[in-house]
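Topology and contacts: notes
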Amino acid sequence: MAFLIVLAALCFLMFVAYRGYSVILFAPVAALGAVLLTDPSLVAPMFTGLFMDKMVGFLKLYFPVFLLGAVFGKLIELSGFSKAIVAATIRLFGAGRAMLSIVVVCALLTYGGVSLFVVVFAVYPFAAELFRQSDIPKRLIPGTIALGAFTFTMDALPGTPQIQNIIPTTFFGTNTWAAPWLGTIGAVFIVAVGLLYLDWRRRAALAAGEGYGDQLLNEPAPFAGGTLAHPAIAILPLVLVGVVNKLLTVAIPRFYGEAHSFDPAVIGSATPVVQEVSKVAAIWAVQGALLVGIVTVLAFAWKPVVASFAESSKSAIGGALLAAMNTASEYGFGAVIAALPGFLVVANALAAIPNPLVNEAVTVTALAGITGSASGGMSIALAAMADTFIANANAAGIPMEVLHRVAAMASGGMDTLPHNGAVITLLAVTGLSHRQAYKDIFAITLIKTAAVFVVIGTFYATGLV
């Protein structure tokens, strides 16, 4: 019964998300409904002490990233840089390879360390422009961005700085370059199969006479600033975001140390405020990088931006608020579900799978799917079962690097179910509903999940690491 309660809460939230209802409203309803059926006395304590605590904690850390990311994306749009990048991309790849162009740009940004959420805001303006010019249905944009940002550069390619590739290092004593051959093989599989799928969808739409679409929401404003910027100038802010993010990631811990404290200037004796820098250094780095990107756009395109920024920024800020609240609600939901007895039933059942790598892959991807978070599901799985995974791997002669790569890639498998925060953010930014665009995101999810087992099969067949 405890398991069925957890399953019912998960299915309910996926259903309402797919139907287009607000996750901000229904994530707590689903979570607290599960608590009510488990132990009614815990509804209020769970809501205040866990759901709201996790939700507010997420907003405290990440809302500035959402806000700056939305403003940066809006400036890329208003400055005409998106049109300039699109024009250069068409010349480079050809008008018929719009999807490849978007995948490449998303991949470069995420592999450069830019947050997945920031990539959505930054890439959407010129993805929309490129798809419009190529007359490809807008509903295929989310699947294309998902392939470029949420898959191979997130956790498969060796060395990626995304959190999903960092978490396993603390459990297995590895580094981010673990199992480079397996990671590369998995990445090639994802890109090849993903692009084949998306191109099939594009050709099917073309054969049906379907174009970009009409009366769409959240469409980028047309550029009215005259001559387009040189492509090198247009792409400079995007490049700087990646480079500055990397530089600040290294510089901030060196400057502040492990922690930094200060005394607030208030009347009376005040308790010093202590900030653990190690927990926020990566977030500060992203925020600083986005600020540099924003300043760069303003420096090169002041006039066209200022002409309409006051009004256009309102929609960007509204979008950032909606995206952040959606994702934070999902975060709270995952925390509550992970605290229920039914979740423990799931974890214990998954532990019975005999093969060490298959056990790890299924456990991590299942928990990521239940919690709606790749990093959250993997953290829970490894915190509870890493010792078991390591013992089983040692007994089978499996290197820790392989455990690392399988765990990282599995976390980005079934995490992108309809209630996933990144999926909801992507759809909110693009102005599309689950009904319109989730089918293609789910296809990418299945391809990504299959890639994990391709990697496992490759290791057993060849011994490559």
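Procedures and definitions
- Residues numbered from 1 in each chain as written.
- Predicted model: local features only at pLDDT ≥ 70, side-chain atom pairs only at ≥ 80, totals over all residues.
- Heavy atoms only, no water.
- Helix = DSSP H or I, 4+ residues; strand = E, 2+ residues; numbered from the N terminus.
- Rg over C-alpha atoms; globule rule 2.2 N^0.38 Å.
- Buried < 20%, exposed > 50% of the residue type's maximum accessible area, 1.4 Å probe, protein only.
- Contact = heavy atoms within 4.5 Å.
- Salt bridge = Lys/Arg side-chain N within 4 Å of Asp/Glu carboxyl O.
- Phe/Tyr/Trp six-rings, centres within 6.5 Å; stacked < 30°, edge-to-face > 60°.
- Patch = residues over 30% accessible without salt bridge, like charges linked within 9 Å, V, L, I, M, F, W, Y side chains within 5 Å.
- Areas by Shrake-Rupley, 256 points an atom, 1.4 Å probe, with all protein chains shown as cover.
- Core = buried A, V, L, I, M, F, W, Y, C linked by side-chain atoms within 4.5 Å.

The next subject is the overall build of the protein chain. The helix and strand tally for the protein chain stands at 19 helices and two strands. Taken over C-alpha atoms, the radius of gyration comes to 22 Å for the protein chain, in line with the 23 Å a tight globule of 465 residues would show. Across its three principal directions, the C-alpha atoms of the protein chain cover 70 × 65 × 45 Å. By the burial criterion, 52% of the 465 residues in the protein chain qualify as buried. If you take every contact in the protein chain between residues at least 6 apart in sequence, the share linking residues at least 24 apart comes to 80%.

The next thing to look at is helix α7 (residues 141-149). Most of α7 is tucked away: nine of the nine residues are buried. For α7, the set of buried residues is Ile141, Pro142, Gly143, Thr144, Ile145, Ala146, Leu147, Gly148 and Ala149.

The next subject is the pattern of salt bridges. Think of it this way: side chains of opposite charge can pair up when their charged atoms draw near. Tallying each qualifying case throughout the model produces nine salt bridges. When the shortest N-O distance is used, the salt bridge between Glu129 and Arg132 registers 2.8 Å. With Glu129 and Arg132 both in helix α6 (residues 116-134) and three residues apart, the pair spans about one turn of that helix. Taking the relative accessible area as the measure of exposure, Glu129 reaches 9% and is therefore buried. Notably, a salt bridge pairs Lys448 with Asp155, separated by 2.9 Å at the nearest N-O pair. Of this pair, Lys448 sits in helix α19 (residues 434-462) while Asp155 sits in helix α8 (residues 152-156), and the two are 293 residues apart along the sequence. Of the two residues, Lys448 and Asp155, neither departs from the other in class, the shared state being buried. When salt bridges that share partners are traced, they join Glu129, Arg132, Lys138 and Glu219 into one network.

Looking now at the packing of aromatic side chains. According to the stated counting rule, one finds twelve aromatic pairs in the structure shown. Between Phe58 and Tyr62, the ring centres sit 4.8 Å apart and the planes meet at 35°, which makes this aromatic pair tilted. With Phe58 and Tyr62 both in helix α3 (residues 43-78) and four residues apart, this pair spans about one turn of that helix. Relative accessible area serves as the criterion here: at 8%, Phe58 is assigned to the buried category. The class of Tyr62 is partly exposed, set by a relative accessible area of 32%. Here the aromatic rings of Tyr256 and Trp284 are separated by 5.4 Å at their centres, their planes lie at 65°, and the arrangement is edge-to-face. Taken as a pair, Tyr256 in helix α11 (residues 231-256) and Trp284 in helix α12 (residues 277-300) lie far apart in primary sequence, 28 residues in all. With relative accessibility at 28%, the residue Trp284 sits in the partly exposed group.

On to a nonpolar patch on the surface. A surface patch of nonpolar side chains, amounting to about 490 Å² of accessible area, comprises Met1, Phe3, Leu4, Leu7 and Val345. A per-element tally of the nonpolar patch places helix α1 (residues 2-18) first, with three residues. Relative to the helices and strands, Leu7 is located in helix α1.

Counting 142 residues, the largest nonpolar core has Phe72, Ile102, Val123, Phe131 and Ile337 as its most contacted members. Phe131 has contacts with Ala98, Met99, Ile102, Ile136, Pro137, Leu140, Ile141, Thr144 and Tyr212, leaving out every residue within four places of it along the chain.

Another aspect to go through is the environment of Ala386. Looking at the secondary structure, you find Ala386 in helix α16 (residues 374-396). Between the alpha carbons of Ala386 and Phe63 there is a distance of 31 Å; along the sequence they are 323 residues apart. In this structure, Ala386 is in contact with Phe171 and Ala381, ignoring residues within four places of it in sequence.

Further remarks concern unusual backbone geometry. At Asp135, a residue that is not glycine, the phi angle is positive and equals roughly 60°. Here Asp135 is to be found in the loop between α6 and α7. With a phi angle near 55°, Asn218 is a residue other than glycine that sits in the positive phi range. Mapping Asn218 onto the fold places it in the loop between α10 (180-207) and α11.

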